[in-house]
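A structural walkthrough
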Amino acid sequence: MGSDWKMGLYRLLPVRLQEAALAFYARGLERLYYGPGYESWKDRAREWRRGTPDSRQDWIRERLSYIVRTAALKAPFYRKKWKGIGWKEIGRSGPLSILPTICKQEIRMNEAAFLNEDRSPKSLWMEKTSGTTGTSLKIFWPKEMLPKWWALVEVLVRNEAGVGQDVPRAMVGGRPIIRGDAGKPPYWRYNRRWRQLYFSSYHISRETAPHYIGSLKKYRSRWMTGYGSAIAALAESSSGAGLAPCPLETVIVSGDTLLAGMRRSIEAFFRCKCRDSYGQAEGVLMAMECGMGRMHLLSMTGIAEILREDGSPCGSGEVGEIVATGLLNDAMPLVRYRTGDYASWAVQQTCSCGNPEPVIENLEGRVDDYIITEDGRKIGRLSTAMKRSPRIHSSQLVQDRPGHAYLLVRPSDGYRHSHALDVREDILQRIGRFDLEIREVPEIPKTPSGKLALVVRLDERPGMKPVYEKFFKGTWKP
Ligand SMILES: [Zn+2]
């Protein structure tokens, strides 16, 4: 459902045809995800933990050496940037840390310079990232990487939690597959091909919860995936509506930060273990929570460093930025990529679950990115809407009261007001009735901690009010 015209067409269809379209779409994805290499990489993933530490290290070093060589010789960005740096020994005897880190902004400025010149556009698959500042990156994966990635997900994430692709599931996602103003069920669509119930994360409330839980039972979903915040909201709304707990086999969350309270709500209502997982559209690193509640890296996906602001490595227990080097993508190599996510190395690295992979803690993504509707619903994960236009440098939602917010837009080259209108429309599709005013601004204010937040709720940050008030008047013009 990538492009806008397809989504527009989809919205016009009756539910039955929408569901047929989903199955058709899934069939197309299947050819890519479960194509050549899928089975052999599943075997490889199963063997990974049975191997020796040396055999794992050898594999990682060999991949790293290959990725660095490919970047240095085939991608114009690195060819220029690494001039004079002795990259040839990396992966053999040299440390990776002699190379500079790269940030999202460098990629955004010139995505094409990161591409392997030997690859044809037809051999590539595009992923779009969501950015905290409301801007996005296009990341190109070689198509043959998809079966590898999904084989690792199947074995090291899903099977690890006792489920798999062939077990019926429900997913709570950020795609606006149901109109924001839909006033009655279904708040979901069912993809028969994958026996996957796709829940709207934008309609969850006490009033709608019985419908959601009813459909879980109807379609016999046995596990659930999606955003932790949305699944927790579903659990809380369901308990609040007085529904009896609905046991599942597991809940695997990803995509936003799982706070302790969310986990409690999920585990209490769905009567199962909730597992956190970590990954990103950039495809540079995955991590998964084990049965002991600890977060293990999946080293086959990438090499992780945790760095301080000055670029030096953090000590164990010290929180810093995750910098990752992807080991699977040789079409758009990302070497020492600053992910914008934060974590620390666990002081205790051995885990009684038996998994020898490194353990991280304090994983933090974007905790706070939701706005509140007039009827008290919390709507999060709006970054997909906010990232849609490359003509917008960055954007931010500033909520001053329930049901009303400002959309601040900092224009980029080639910007027109209609770009902001498109973003606004996309957001409203997800929320439904909501008063959202656009303000073009020369710069988006940072929070006191220096971060650019996607959403600012002013009642929680009274000190920020004077900073924003001048923008609300709307006198500045691009
Ligand atoms: Zn473990």
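Here the structure is a predicted model, which means the values were calculated and not measured.

**Here we look at the overall build of the chain**
- Broken down by element type, the chain carries 13 helices and 20 strands.
- Overall, the C-alpha framework of the chain stretches about 60 × 55 × 45 Å when taken along its three principal axes.
- A buried classification covers 41% of the 478 residues belonging to the chain.
- Long-range pairs, those at least 24 residues apart, make up 67% of the contacts in the chain between residues at least 6 apart in sequence.

**Considering the packing of helix H9 (residues 228-240) against helix H10 (residues 260-270)**
- Contact geometry of H9 with H10 gives a least axis separation of 8 Å together with a crossing angle of 55°. Regarding the angle of H9 to H10, the classification is oblique. In the crossing of H9 with H10, the sense of the turn from one axis to the other is left-handed. Mapping the contact onto sequence places Gly-228, Ser-229, Ile-231, Ala-232, Ala-235, Glu-236, Ser-238 and Ser-239 in H9 and Met-262, Ser-265, Ile-266, Phe-269 and Phe-270 in H10.
- Considered class by class, the residues forming the contact of H9 with H10 number seven nonpolar, five polar and one charged.

**A word on the domain arrangement of the chain**
- Considered domain by domain, the chain is made up of domain 1 (4-33 + 152-278), domain 2 (66-143 + 295-364) and domain 3 (370-472).
- Relative to domain 2, the C-alpha centre of domain 1 lies at a distance of 30 Å.
- Taken residue by residue, the interface counts six residues in domain 1 and eight residues in domain 2.
- Going through the elements one at a time, helix H7 (145-158) and strand E8 (274-278) are the ones with two or more residues in the side of domain 1 that touches domain 2.
- Considering only residue class, the side of domain 1 that touches domain 2 consists of four nonpolar, one polar and one charged.

**Regarding the pairing of strand E19 (residues 435-440)**
- Bridging between strand E18 (residues 404-411) and E19 involves six bridges; their strand directions are parallel. Directly across from Leu-408, in E19, lies its bridge partner Arg-439.
- Considered for its hand, the β-α-β crossover made up of E18, helix H12 (residues 417-431) and E19 is right-handed.

**Quick word on the sheet that holds strand E17 (residues 392-401)**
- What the four strands build is an open sheet, ordered E19-E18-E17-E20; its pairing is mixed. Sheet topology places E19 and strand E20 (455-457) at the edges, where each strand pairs with a single neighbour. Here the average twist between neighbouring strands, direction ignored, is 20°.

**A short note on H12**
- Between its first and last C-alpha, H12 extends 21 Å over 15 residues, near the 21 Å set by a 1.5 Å rise per residue.
- Where H12 is concerned, the buried positions are Ala-420, Val-423, Asp-426, Ile-427, Arg-430 and Ile-431. Down the axis, H12 shows its buried residues gathered within 135° of arc, on one side only. More than 90 degrees from the buried face of H12, the exposed residues found are Ser-418 and Glu-425.

**Looking at the nonpolar core**
- In this structure, Leu-152, Phe-199, Ile-231, Leu-234, Val-251, Ile-266 and Ala-287 are the most contacted members of the largest nonpolar core, which totals 91 residues.
- When residues of this core are sorted by domain, at least three fall in each of domain 1 (4-33 + 152-278) and domain 2 (66-143 + 295-364).
- In this structure, Tyr-202, Ile-379, Leu-382 and Phe-471 belong to the second largest nonpolar core, which totals 27 residues.

**Side note on the packing of helix H8 (residues 209-218) against H9**
- For the pair H8 and H9, interaxial distance at closest approach is 9 Å and the crossing angle is 110°. When the interaxial angle is binned, H8 and H9 end up roughly perpendicular. For the pair H8 and H9, the contacting residues are Ala-209, Tyr-212 and Ile-213 in the first and Leu-234, Ser-237 and Ser-238 in the second.

**Considerations on H8**
- Considered for burial, the residues of H8 that qualify are Ala-209, Tyr-212, Ile-213 and Leu-216. When H8 is viewed along its axis, its buried side chains cluster within an angular range of 90° and face the same direction.
- Arg-220 sits one or two positions beyond H8 and adopts a positive phi of about 55°.

**Points about the environment of Thr-208**
- Here Thr-208 shows up in the loop between strand E5 (196-200) and H8.
- Distance from Thr-208 to Arg-108, taken between C-alpha atoms, is 40 Å for residues 100 residues apart in sequence.
- When sequence neighbours within four positions are dropped, the list of residues in contact with Thr-208 reads Tyr-187 and His-203.

**A few points about unusual backbone geometry**
- Following Pro-185, the chain continues into Pro-186 via a peptide bond in cis, with omega recorded as 5°.
- In this structure, Pro-186 sits in the loop between strand E3 (169-173) and strand E4 (188-191).
- The phi angle at Arg-220 is positive, at roughly 55°, despite the residue not being glycine.
- Arg-220 gets classed as exposed once you count the C-beta atoms within 10 Å, which come to 10.
- Positive phi is not limited to glycine here, since Asn-362 has a value of about 55°.
- With respect to the helices and strands, the residue Asn-362 is situated in strand E14 (residues 359-364).
- Among the residues examined, Asn-362 registers 15 C-beta atoms within 10 Å and is labelled partly exposed.

What counts and how
Residues numbered from 1 in each chain as written. Predicted model: local features only at pLDDT ≥ 70, side-chain atom pairs only at ≥ 80, totals over all residues. Helix = DSSP H or I, 4+ residues; strand = E, 2+ residues; numbered from the N terminus. Buried ≥ 20, exposed ≤ 12 C-beta atoms within 10 Å, placed from the backbone. Contact = placed C-beta atoms within 7 Å. Axes fitted to C-alpha atoms, helices over the stretch in contact; angles between N-to-C directions. Parallel < 35°, antiparallel > 145°, perpendicular 65-115°, else oblique. Left-handed = near helix turned anticlockwise from the far one by under 90°. Nonpolar A, V, L, I, M, F, W, Y, C, P; charged D, E, K, R; others polar. Domains from an automatic or database assignment. Pairing = 2+ DSSP bridges. Right-handed = clockwise from strand over helix to strand, strands pointing away. Expected span 1.5 Å × (residues − 1). Arc of directions from axis to C-beta. Core = buried A, V, L, I, M, F, W, Y, C linked by C-beta atoms within 7 Å.

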